[in-house]
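Listed below are the residues making up each chain.
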Amino acid sequence: MQVEPRVTVWNEFHHERYRPESAAVYPHGIHVAIRDGLVAHGFADVRTATLDEPEHGLTQAVLDATDVLVWWGHVRHDDVADSVVERVKRRVWAGMGLVVLHSGHYSKIFRALTGTPSDVTIWNEDGERERIVVVSPGHPIAAGLGRFFEIEMEESYAEPMEVPNPTDLIFVSWFQGGEVFRSGCTYTRGRGRIFYFRPGHETFPTYFIPEVRRVIANGVRWAAPEASRV
Ligand code: ZN
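A short tour of the structure in this document, coming up.

The rules we used
Residues numbered from 1 in each chain as written. Predicted model: local features only at pLDDT ≥ 70, side-chain atom pairs only at ≥ 80, totals over all residues. Heavy atoms only, no water. Helix = DSSP H or I, 4+ residues; strand = E, 2+ residues; numbered from the N terminus. Rg over C-alpha atoms; globule rule 2.2 N^0.38 Å. Buried < 20%, exposed > 50% of the residue type's maximum accessible area, 1.4 Å probe, protein only. Contact = heavy atoms within 4.5 Å. Areas by Shrake-Rupley, 256 points an atom, 1.4 Å probe, with all protein chains shown as cover. Phe/Tyr/Trp six-rings, centres within 6.5 Å; stacked < 30°, edge-to-face > 60°. Lys NZ or Arg CZ within 6 Å of the ring centre and 35° of its normal. Pairing = 2+ DSSP bridges. Axes fitted to C-alpha atoms, helices over the stretch in contact; angles between N-to-C directions. Donors = N, O, S within 2.8 Å, 3.2 Å for Na, K, Ca; no water. 1 Å grid on protein atoms, 1.4 Å probe; cavity = no way out; pocket = protein on both sides within 12 Å on 5 of 7 lines; lining within 4 Å. Points joined across faces, edges and corners; volume = space filled by probe spheres on them. Nonpolar A, V, L, I, M, F, W, Y, C, P; charged D, E, K, R; others polar. Salt bridge = Lys/Arg side-chain N within 4 Å of Asp/Glu carboxyl O.

Looking only at helices and strands, the protein has seven helices and nine strands in total. A globule of 230 residues ought to have a C-alpha radius of gyration of about 17 Å, and the protein, at 16 Å, matches this closely. When burial is assessed residue by residue, the protein has 55% of its 230 residues classed as buried. A sequence separation of at least 24 residues applies to 71% of the contacts in the protein between residues at least 6 apart. Per element, the accessible surface of the protein, about 9500 Å² overall, is 52% carbon and sulfur.

Here's what the structure looks like:
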């Protein structure tokens, strides 16, 4: 029996409260923009959770009722309690999907699951043009996309990103400054599927872009455990 995946969008929710440039773009928080994108793509059961809630909003009960967790973090990775990281990790091992966005590459949970520093080499917040090239057009995460799509202004990341070689490399980004980056990578850990997707700096309206919303929706569907993969 197929059932709708239950999704939790987690955000540290820091820049949008303390940095005017971010608040201007995401007045309700990045998590709300991501949730709205998923709802627009037909997901009916999408909740949000943020760092400053008790247990970061990720109690065992919430995680047990989550099929796919979406993660956005940047400057407060170290404030995420190790006990919560452990709880999330065990849920992924048991089959919960995890979609890690942008600077979430450096989150405790992503590093714990990859077993690597997961660091990137250099980055530039100036807002370069980015072209995201689909290198695995047959993959479900690339469904509905053309050969590439572009983002007018984004933060550039540079290789090498210190992660294990992905199971599937879905996207490679080119930035106008000349860097390239593996912007869409999949992994499995235990029974859980993990998708890393790079765009989404907190001062750019990336999570309102139709193609970005489509990729996140595709990623959530792909990462959902089999019984809820609709
Ligand atoms: Zn950023």
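Turning our eyes to something else, we now look at unusual backbone geometry. Generally, phi is negative for residues other than glycine and the peptide bonds are trans, each holding for most cases. Omega for the peptide link from Glu159 to Pro160 comes to 0°, which places this bond in the cis form. Along the chain, Pro160 turns up in the loop between strand E6 (148–157) and strand E7 (168–175). Non-glycine residue Phe13 carries a positive phi angle of around 55°. As for its position among the elements, Phe13 is in the loop between strand E1 (7–11) and helix H1 (15–18).

Next up on the list: the packing of aromatic side chains. As enumerated under the stated definition, the model contains nine aromatic pairs in all. Both rings, one in Phe110 and one in Tyr187, keep their centres 6.2 Å apart while their planes meet at 65°; by these two values the pair is edge-to-face. Of the two residues, Phe110 is situated in helix H6 (residues 108–114) and Tyr187 in strand E8 (residues 180–189); the sequence distance between them amounts to 77 residues. When sorted by exposure, Phe110 lands in the same class as Tyr187, which is buried. Between Phe149 and Phe171 the ring centres are 6.4 Å apart and the planes differ by 85°, which places this aromatic pair in the edge-to-face class. Pair noted here: Phe149 is in strand E6 and Phe171 is in strand E7, with a separation of 22 residues, a long-range link. Taken together through their ring pairs, the aromatic side chains of Phe149, Phe171, Phe195 and Phe197 make up a single cluster. The ring of Phe13 carries Arg17 above its face, with NZ or CZ at 5.1 Å from the centroid. Above the ring of Phe148, the side-chain terminus of Arg131 is found at 3.8 Å from the ring centroid.

Further remarks concern the sheet that holds strand E5 (residues 123–134). Pairing is mixed in the open sheet, where nine strands are placed in the order E2-E1-E3-E4-E9-E8-E7-E5-E6. Because the sheet does not close on itself, it has two edges, and the strands there are strand E2 (46–50) and E6. Strand-to-strand twist across the sheet, computed as the mean angle between neighbouring axes with direction ignored, equals 20°. In this sheet, E2 lies alongside E1 in parallel orientation, the contact comprising five bridges. Of the residues in E2, the one forming a bridge with Asn11 is Thr50. Against the sheet, helix H7 (residues 210–223) engages E1, strand E3 (68–72), strand E4 (97–101), E6, E7, E8 and strand E9 (192–197), with an angle of about 165° to E9.

Below, the discussion takes up the coordination of the zinc ion. Around a metal, the perfect tetrahedron of four donors has angles of 109.5 degrees, and the perfect octahedron of six donors has angles of 90 or 180 degrees. Note on the zinc ion: its protein donors are His102 (NE2), Glu155 (OE) and His201 (ND1). The metal-donor distances range over 2.0 to 2.1 Å. Here the donor residues for the zinc ion map to a single chain with the spacing H-x52-E-x45-H. Residue His102 is located in the loop between E4 and H6, and its partner His201 is located in the loop between E9 and H7; the two are separated by 99 residues in the primary sequence.

In the structure shown here, the tally under the stated rule is one cavity of 30 Å³ or more. Space inside the largest cavity adds up to approximately 30 Å³. Lining the largest cavity we find Ala33, Ile34, Gly37, Leu38, Tyr207, Arg213 and Ile216. Where the lining of the largest cavity is concerned, the elements lending two or more residues are helix H3 (30–40) and H7. Split into classes, the residues belonging to the lining of the largest cavity amount to five nonpolar, one polar and one charged.

Looking now at the pattern of salt bridges. Two side chains that carry opposite charge are able to pair once their charged atoms sit near each other. Per the counting criterion, the structure on display carries 18 salt bridges. Between Arg76 and Asp52 there is a salt bridge, with its nearest N and O atoms 3.3 Å apart. Pair noted here: Arg76 is in the loop between E3 and helix H5 (82–94) and Asp52 is in the loop between E2 and helix H4 (60–64), with a separation of 24 residues, a long-range link. Put simply, Glu86 and Lys89 hold a salt bridge, and the shortest N to O gap is 3.3 Å. Residue Glu86 and its partner Lys89 are both found in helix H5; the two are separated by three residues, about one turn of the helix. Note on Lys89: relative accessible area 17%, which makes it buried. Ionic contacts of the salt-bridge type, sharing partners, join the residues Arg17, Asp52, Arg76 and Asp79 into one network.

Geometric values such as these leave the question of function open.
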